[in-house]
Amino acid sequence: MNLPSGMMMNKTISVKKVTALILFLTFPLSARIAAGQARDDIQEYLNLKFAAYCKNFPWEEVYVHTDRDEYISGETMWFNSWVFEKPGTRLSERSNLLYFEVLNWTNMPVVRKRILITNGSGPGMALLPDTLSSGDYTVRAYTNWMKNFLPVNCFSKKIKIYNAIKLNPFHKIREKQFDFTNENAKQTLSKAQTGIKAEVISRPDTFYIHISSDNESYKGRADHCYLFIQANGMINTNEKISILPGNNDFPVPKKSLTPGINQITLFNDSGIPFFERYLLTLPDKKQSLSIISDIGSGPRSKSLLEISPEEILPTSLSEAKLSVSITPGFFPDKSADMSDYLIFGSEFGLLPEEYFSKILNKIDVYSTGKLPENVKSRWIDWDIILSGNYPEIKYLPENENHYITGRLLNKGSLAPVPGEYVFMASPGKKAQFMYNRTDKNGDFSFPLPLDNSTRDIIILSERSDSGHTVNIASSFSELYSPAGADSLIVITDIPAYLEKMSVNYQLNRIFDLSSSVPISEAETLLPVQQNFYGKPDTRLLLDNYIKLPVMEEVFFELLPGVLLRRSSTGYDVEVIDPVGKSRYNMPPGLFIDGIKINNASVLADLDPELVEEIDVVSDKYIVGDYLFFGIVNVITRDGNFNNIDLPEGAVRLNYRITDPSFSYVTPDHSPEVTKSGRIPDLRNTLYWNPSIIPGIDGKIRIEFWTPDYRTDYKVNIQGIARNGTPVSFKKSIGVK
């Protein structure tokens, strides 16, 4: 949402309003349930509660495809990212900005980028500092909305970085181990339903809810319960099931379930959950791809790849959004495929990436669907859903706007200052005005339209002479998963291929070879068409009058109705009310180049030669709920506020929201002079395209040139088919 100048920007969604709405919708039903009546309405009650929660608190997931998993410090990392949204697993329309980080083992960020997301995906590149020591690093990515649920709700993947000068020792992060063969994996919420025991029995095509009831302890109780099954926020089953004394088996065909991790919950006749279990169901078919390759065996040979679906499935590649990397065959590839990652994602966060593609397909070999005992959704929690104790939402989705946040502090004590106005504006000849009032923690927030422009921004307190200071917060989160020295292993045995990687990098650097070229971007910053106060009552153009030596004379001679005069503290400005013909009892809003100032002496000390125009609004003027007792805006010839000292406690930023864009380029060896040239071609990434477009036949055609060394090749394709199904394909190609 684009907010007009001066509009009050609230920092948080009102959770109380959301809660009140849900309670309004469900109160009559919940009241009857509490009274032990209208038990047949529990299904509707669960539907309403679940749907309202998922709508107001959707869960976003991010997947990042990097060109490689191992790098030399100083190299460029290429990546493409996708943002998904639950309910469902569709590309998100809520978030158009991604926060991308590379963290060392102590969670210190070594790279930070803000990436523009368009239609659910966005490419980027990151230059790794050449000072990084050898070790495991973590790629972390999240949206502004996901900050509400950090550190768990973020994409996380491990990469290896080696220092070219000192490859070892290598600091490896110890992996956690998980047991996928636990026969007793059960999750029980409470003892709310005594006399009933439940378990899930899985068979190849069907699973059974096995409920055993104790006839003696069950006398006088309801003879039914409620089965609720959901996956990714989508309801698969919500039905009332009858219970007879003894053993009861209720079949549920696996084809009726959404592929992924299904949450099975049983509720008693009072709407209280008493049993919970998670079951993994994999899709019947994955999109299989075939590859036809024509790769030259010699250096600098033109090579062709044609990749096509083996079957025409609903996940056809036509109109797909894909990224493709080709690397030398000696690089290991242990990263998670998108199709595997999204089954668990950050909602469950169970598997280290090394286990994907190796174990995932074996979990359901006998269609057991067993998961570790400690599995639990970080999103769907029935205690939260039914109680209405919803999480506080501090960070809004960045769809049309990016949010600059900060805190107003007392300069002496550094204590937060609540309930004070803070202003934000960009210096210019057309004045903008935006304000926000600090909350109980002294925090404030301002929106900026999402674009690639660089803005000159000044943020200051309403009372800049009061000893308040503005502290701008980082847009990146400082919440991290715990890290400790006990999780670190030092390794001195380094793979042999790293010497080749290191030499390739160092020679490329000696010859000043780069695979990145900046993409020319047109600035999207639209010029401000008019001042926030509209047409002024008086507009004084100083070039139309004789030159006066000081601003005090300018006001006295040329601006009747505005008084600039000396006082015991310096200067004061007063505006005459055009209706009452008397001075306002409050000072007017004073601006220079659209920046609000409190000290009239700053205005009085201006050299009239530097002033182009003075606008005056004589009447009271309201912006949002902020009242001005007249407005005086002095516009300099440069219009950039550069000749004026920044008000005390204010902050000036040269701010760009998204990082500049670059494209990956490879040498073209088609001319004979280039083919026989002496500049080495020693790429460690042989091909990268973050937005390859299949042909109308659904086939992908790739051309690239082989480097100066002989190697096998690895092809890695990740993306989304037109129906929203993930497409993942990895293939090793041997060259004789």
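Reading the values: the criteria
- Residues numbered from 1 in each chain as written.
- Predicted model: local features only at pLDDT ≥ 70, side-chain atom pairs only at ≥ 80, totals over all residues.
- Heavy atoms only, no water.
- Helix = DSSP H or I, 4+ residues; strand = E, 2+ residues; numbered from the N terminus.
- Buried < 20%, exposed > 50% of the residue type's maximum accessible area, 1.4 Å probe, protein only.
- Contact = heavy atoms within 4.5 Å.
- Areas by Shrake-Rupley, 256 points an atom, 1.4 Å probe, with all protein chains shown as cover.
- Pairing = 2+ DSSP bridges.
- Axes fitted to C-alpha atoms, helices over the stretch in contact; angles between N-to-C directions.
- Salt bridge = Lys/Arg side-chain N within 4 Å of Asp/Glu carboxyl O.
- Polar contact = N/O pair within 3.5 Å; in protein donor to acceptor, adjacent residues only side chain to side chain.
- Core = buried A, V, L, I, M, F, W, Y, C linked by side-chain atoms within 4.5 Å.
- Expected span 1.5 Å × (residues − 1).
- Patch = residues over 30% accessible without salt bridge, like charges linked within 9 Å, V, L, I, M, F, W, Y side chains within 5 Å.
- pLDDT = per-residue confidence, 0-100.

1. Brief notes about the overall build of the chain
Helices and strands together make up the secondary structure of the chain, namely nine helices and 41 strands. When the 736 residues of the chain are sorted by exposure, 53% land in the buried category. Relative to all contacts within the chain whose residues are 6 or more apart in sequence, the contacts with residues 24 or more apart total 73%. When the accessible area of the chain is evaluated, it comes to approximately 33,700 Å², of which 51% is carbon and sulfur surface.

2. A short note on the sheet that holds strand S32 (residues 589-592)
Reading across from one edge, S29-S34-S35-S32-S33 is the order of the five strands in this open sheet, with mixed pairing throughout. The two strands at the open ends of the sheet, each matched to only one other strand, are strand S29 (538-541) and strand S33 (595-597). For this sheet, the mean angle separating the axes of adjacent strands, direction not counted, is 25°. Looking at chain direction, strand S34 (residues 611-623) and strand S35 (residues 626-636) are connected through 10 bridges and run antiparallel. Across the sheet, Val623 pairs through a bridge with Tyr626, a residue of S35. Those strands touched by helix H7 (residues 551-558) are S29, S34 and S35, and its axis lies near 65° from that of S34.

3. Side note on the pairing of strand S5 (residues 97-103)
In terms of burial, S5 is largely enclosed, as seven of its seven residues are buried. Going residue by residue along S5, you find Leu97, Tyr99, Glu101 and Leu103 tucked away on one face and Leu98, Phe100 and Val102 tucked away on the opposite face as well. Sheet analysis places S5 next to strand S6 (residues 109-116), joined by seven bridges and oriented antiparallel. Bridge pairing in S6 links Phe100 to Lys113. Linkage of S5 to S6, two consecutive antiparallel strands, is achieved through a turn of five residues, within which Asn107 is found at a positive phi near 70°. Bridging between S5 and strand S8 (residues 135-142) involves five bridges; their strand directions are antiparallel. The residue of S8 that forms the bridge with Tyr99 is Tyr142.

4. Some remarks on the pattern of salt bridges
Pairing of side chains with opposite charge becomes possible as their charged atoms draw close. Tallying each qualifying case throughout the model produces 35 salt bridges. Measuring nitrogen to oxygen at the nearest pair gives 3.9 Å for the salt bridge that ties Lys86 to Glu61. Taken as a pair, Lys86 in strand S3 (residues 76-86) and Glu61 in strand S1 (residues 59-66) lie far apart in primary sequence, 25 residues in all. One salt bridge connects Lys376 with Glu276, and the closest N-O pair in it is separated by 3.3 Å. Residue Lys376 is found in the loop between helix H4 (360-363) and helix H5 (382-387), and its partner Glu276 is found in strand S17 (residues 273-281); the two are separated by 100 residues along the sequence. Put simply, Glu101, Arg112, Arg140 and Glu478 are held in one network by salt bridges that share partners.

5. Here we look at the sheet that holds strand S41 (residues 726-733)
One open sheet holds the four strands; their spatial order is S38-S20-S40-S41, and the pairing between them is antiparallel. What marks the edges here is a single partner per strand, and that holds for strand S38 (687-692) and S41. Averaged over all pairs of adjacent strands, the angle between their axes in this sheet comes to 10°, without regard to strand direction. Pairing between strand S20 (residues 321-328) and strand S40 (residues 713-720): eight bridges, direction antiparallel. Paired with Pro328 across the strands is Tyr713, a residue of S40. Most of the contacts of helix H3 (residues 338-348) go to S41, to which it runs at about 135°, and overall it touches S40 and S41.

6. Describing the side chain of Asp69
For Asp69, the location among the structural elements is in the loop between S1 and strand S2 (70-72). Residue Asp69 is classed as buried on the basis of its relative accessible area of 12%. Only 2.9 Å separates the side chain of Asp69 from the side chain of Lys157, close enough to count as a polar contact. At 3.4 Å, the side chain of Asp69 forms a polar contact with the backbone nitrogen of Ser335.

7. A word on the nonpolar core
By size, the foremost hydrophobic cluster in this structure holds 53 residues, and its most contacted members are Phe100 and Ile459. If sequence neighbours within four positions are ignored, Phe100 has contacts with Val64, Met77, Phe79, Val111, Arg112, Lys113, Ile115, Ala126, Val139, Arg140 and Phe476. Membership of the second largest hydrophobic core comes to 46 residues, among which are Phe433, Leu540, Leu590 and Phe641.

8. Quick notes on helix H2 (residues 42-56)
For H2, built from 15 residues, the straight-helix expectation of 21 Å at 1.5 Å per residue is met to within 8% by its first-to-last C-alpha distance of 21 Å. Along H2, the positions that sit buried rather than exposed are Ile42, Tyr45, Leu46, Lys49, Phe50, Ala52, Tyr53 and Cys54.

9. A look at a nonpolar patch on the surface
There is a patch of nonpolar side chains on the surface, built from Ile510, Phe511, Leu513 and Ile679 and spanning about 380 Å² of accessible area. Within the element layout of this structure, Ile679 appears in the loop between helix H9 (672-675) and S38.

10. Let's talk about helix H6 (residues 497-510)
The end-to-end C-alpha distance of H6, which contains 14 residues, comes to 20 Å, matching closely the 20 Å that a straight helix rising 1.5 Å per residue would cover. Where H6 is buried, its residues touch S2 and strand S9 (155-162). Phi turns positive one or two residues past the end of H6, at Asp512, with a value near 55°.

11. Here we look at the confidence of the model for the chain
Across the chain, pLDDT averages 85, with 84% of residues at or above 70. Within the chain, helix H1 (residues 15-34) has the poorest average pLDDT of any element, 44, and S5 the best, 98. Ignoring residues within four places in sequence, the model shows residues 1-38, a span with pLDDT below 50, making 73 contacts including any to other chains. When the criterion is pLDDT under 50, residues 364-368 qualifies, and its contacts beyond four places in sequence or with other chains add up to 11 contacts.

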